[in-house]
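Given next are the chains, with one letter for each unit.
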Amino acid sequence: TGNALLLQAQLLQPWKLQLQPGQSYTITSTQQTNLTQNMMGQELKMTNNATTTATLTVLAADAQGFQLAQTSNRLQLNMNMNTPMGQQDLQFDSDKKEDREGELGQQIGSLIGATTEALLAPGGQLTITKAPQTDEALNLPGLGAGANDSVAMKGYFLAPPATALKAGDTWNESYNSETSQS
């Protein structure tokens, strides 16, 4: 996916964007993952649905590019894992007090409300200039989109559809990745 993001950033031509300092955008990203893995005759199935809501703000725009800030507002997870040992389900919604106070909420709570700052250069390169401190041991599938990382921020600048857009228009982008190992 790194090459696809690089290609999309090159096609973007950020200097053509007319972003103005002070503009803010509410961005909702939904990621669905279905994973089936066979290991030593045992099958593991995992389904993960993650929805993140963030605010992207243009702090400044000049010849060096755009200074951006992304603040994570909400994270919703719905994970299901079927293993030979049994089934595990995990639901989390950062808007629910009981979820924020639970074990998972204690681990990822610092991501909600955290802000990442970045510079989007005219050539499409995105450089993180300020990132929140996170627990490197926390590695939940689907969390990357809510973890204020550069991949999530680059995703905001995908080339729009070829048809003209007006305020309130929406479109879907999807990416399928299938890998297999013998």
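Residues numbered from 1 in each chain as written. Predicted model: local features only at pLDDT ≥ 70, side-chain atom pairs only at ≥ 80, totals over all residues. Heavy atoms only, no water.

Q: Teacher, can you tell me more about unusual backbone geometry here?
A: When glycine is set aside, most residues are seen to have a negative phi, and most peptide bonds are trans. With phi around 55°, Met40 is a residue other than glycine that occupies positive phi space. Counting through the fold element by element, Met40 comes out in the loop between strand 1 (24-39) and strand 2 (42-62). (Helix = DSSP H or I, 4+ residues; strand = E, 2+ residues; numbered from the N terminus.)

Q: Sorry, what's going on with the pairing of strand 4 (residues 86-93) here?
A: Regular strands place side chains that alternate from one sheet face to the opposite one. As paired elements, strand 3 (residues 65-83) and strand 4 share 8 bridges and run antiparallel to each other. Looking across to strand 4, one finds that Asn80 is bridged to Asp89. If you look at the hairpin formed by strand 3 and strand 4, you'll find 2 residues sitting between the two strands. (Pairing = 2+ DSSP bridges.)

Q: Just to check I follow, could you spell out the pattern of salt bridges for this structure?
A: Oppositely charged side chains are able to pair whenever their charged atoms sit close together. All chains considered together, the criterion is met by 4 salt bridges. When the shortest N-O distance is used, the salt bridge between Arg74 and Asp93 registers 2.6 Å. Here Arg74 is found in strand 3, whereas its partner Asp93 is found in strand 4, with 19 residues between them in sequence. With its nearest N and O atoms 3.1 Å apart, the salt bridge here joins Arg74 to Asp95. Highlighted residues: Arg74 in strand 3 and Asp95 in the loop between strand 4 and helix 2 (97-101), separated in sequence by 21 residues. Under the relative-accessibility criterion, Asp95 is labelled partly exposed at 48%. One network of salt bridges, with partners in common, ties together Arg74, Asp93 and Asp95. (Salt bridge = Lys/Arg side-chain N within 4 Å of Asp/Glu carboxyl O. Buried < 20%, exposed > 50% of the residue type's maximum accessible area, 1.4 Å probe, protein only.)

Geometric descriptors of this kind do not, in isolation, establish any biological role.
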